[in-house]
Amino acid sequence: MSSEFIPTLFIIKISNDCNLKCDYCYARKSKKELSEETLAHIANLIVKWVKKKDLKRVKIGFLGGEPFLFAEKIEFFISKLNSLMNGRNDAISIAIQTNGTLLTKEKIRWIKKRKITIGISLDGPKEINDIARKFPNGNGSYNIIRENIQNLIKAGIEPRIITVIHKYNWNKTTEIINHFVDLGIKIFRFNPILPANKQARELSITPNQFFEAMKETYNTLKTLRKQGIEVIEKTTRDYASLLRGHLTNMCLKDPCGAGLNMIVFNNDGWIYPCDMLIHEEFKMSPIGEIKDISELKRNEVLKELINRREIAPRKCTNCIFKTYCNGGCPARILSEESNRYSVSKWHCEFFQKYLTYLLLNLINSQEDKLDQ
Ligand code: SF4
Ligand code: SF4
């Protein structure tokens, strides 16, 4: 698989400040903020890169903290970007990943005008979502998120949902999917919780629990499809696509897209290879010292991430899944405190079980093309 350096996803974290206090949040607590000057520099870097490589599809994603606390800075950035692109704006799309609590009617009008894709974090119905996704006073966030999702849909904007699968909802995926269908949500992704800190470790799940969650998801999607209800769960889609030889997610590439296809401009003023790798050892360069994105191609952090895959553990040598497997997310490998040149034990167990299950099902039922 390709280890060509061609970043097409740029993540901008203006600040880590947030109005929620979710139990498993992995964003490092810091109120540092990217200045307008730095944002203008980032816009210049991206536009120069798009023009130089004649890229047709580039995505810029705002992550936090909560990006809507900094809506004016996002608008400043988009205006700058548009003026630098001189009418070639269709090559770049903008996405914002939000907790969904600050979407006033005025912001929804702005989202529509700027054609921004909105991703919202929601873990299921109220009693599930509010276990971990809370305001600092302990109140759950569900009610306000639900209202805002409905307002978005009324305005013709289709939000994409990210659901963290953890100790309290891994065996409730059918309930979660049916709830999303009731809300009019068509696209969502189930992500297993990453045990990156003490609270997240308390909510963590075993590979087998995530396998059971994804097995149930697969069967629920099949049942809905038979009823004429088409929804996309992106993890199912990504794995089904992988088996059919199409890559729809840079996390499943070998090596993964960190630093190769994705670059993160972080609120501490540094560039990192991935939002999940915001650690001292993955600092690539201060943002201001880069004059051209291509300078990152020879970065030592990137070289190490790529080389990591050249040293395969012995158990992988004869593994029948090795053509598809990338050893797991480096962030998960680090959370297991293994040698970073190793593979994730969690990933390995899940991957073998889930791929076997999907393979047998896809062979048995050609009509279940959940990757399409
Ligand atoms: S580091 Fe993990 S989250 Fe980031 S691109 Fe690689 S696999 Fe995906
Ligand atoms: S599934 Fe496990 S043993 Fe097989 S290649 Fe992946 S990490 Fe190695």
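Residues numbered from 1 in each chain as written. Chains lettered and ligands numbered in written order. Predicted model: local features only at pLDDT ≥ 70, side-chain atom pairs only at ≥ 80, totals over all residues.

Q: I would appreciate a short explanation of the site of ligand 2 in the present structure.
A: Close contacts around ligand 2 come from Lys315, Cys316, Cys319, Phe321, Lys322, Cys325, Gly327, Val343, Cys348, Phe351 and Gln352, and that covers them all. Of all the secondary-structure elements, those providing two or more residues to the shell around ligand 2 are α11 (314-317) and α13 (345-364). Looking at the shell around ligand 2, the element that brings in the most residues is α13, giving 3 residues. Residue composition of the shell around ligand 2, by class: 7 nonpolar, 2 polar and 2 charged. (Near = placed C-beta within 6 Å. Helix = DSSP H or I, 4+ residues; strand = E, 2+ residues; numbered from the N terminus. Nonpolar A, V, L, I, M, F, W, Y, C, P; charged D, E, K, R; others polar.)

Q: Sorry, what's going on with the pairing of strand β1 (residues 9-13) here?
A: Two strands pair when backbone bridges link them, and β1 and strand β2 (residues 58-63) are joined in this way by 5 bridges, in the parallel orientation. Across the sheet, residue Lys13 finds its bridge partner in β2, namely Leu63. The sheet contact formed by β1 and strand β8 (residues 262-265) spans 4 bridges and is parallel. Within β8, the position partnered with Ile12 by the bridge is Phe265. (Pairing = 2+ DSSP bridges.)

Q: Just to check I follow, could you spell out the packing of helix α9 (residues 234-243) against α13 for this structure?
A: Helix-helix packing is described using two parameters, namely the angle between the two axes and the distance between the axes. Axis separation between α9 and α13 bottoms out at 10 Å; the angle between their running directions is 70 degrees. Here α9 is positioned roughly perpendicular relative to α13, judged by the angle of their axes. Of the residues in α13, those touching α9 at Tyr239, Ala240 and Leu243 are Tyr354, Leu358, Leu359 and Leu362. A breakdown of the residues in the contact of α9 with α13 according to their chemical character gives 7 nonpolar, no polar and no charged. (Axes fitted to C-alpha atoms, helices over the stretch in contact; angles between N-to-C directions. Parallel < 35°, antiparallel > 145°, perpendicular 65-115°, else oblique. Contact = placed C-beta atoms within 7 Å.)

Q: Mind showing me how you'd approach the environment of Ile145 here?
A: Relative to the helices and strands, Ile145 resides in helix α5 (residues 142-154). The spatial distance from the C-alpha of Ile145 to the C-alpha of Leu103 is 8.5 Å, given a sequence separation of 42 residues. Ile145 has contacts with Gly100, Thr101, Ile120 and Leu122, leaving out every residue within four places of it along the chain.

Q: Any chance you could explain the sheet that holds strand β7 (residues 232-233) here in plain terms?
A: Strand pairing in a sheet takes place through backbone hydrogen bonds and is either antiparallel or parallel in direction. Across the sheet, which stays open at both edges, the 10 strands sit in the order β7-β6-β5-β4-β3-β2-β1-β8-β9-β10 with mixed pairing between neighbours. Of all strands in the sheet, those bounded by a partner on one side alone are β7 and β10 (285-286). Of the strand pairs in this sheet, strand β6 (residues 187-192) and β7 are connected by 2 bridges, and their pairing is parallel. Within β7, the position partnered with Phe188 by the bridge is Glu233.

Keep in mind these numbers describe shape, not what the thing actually does.
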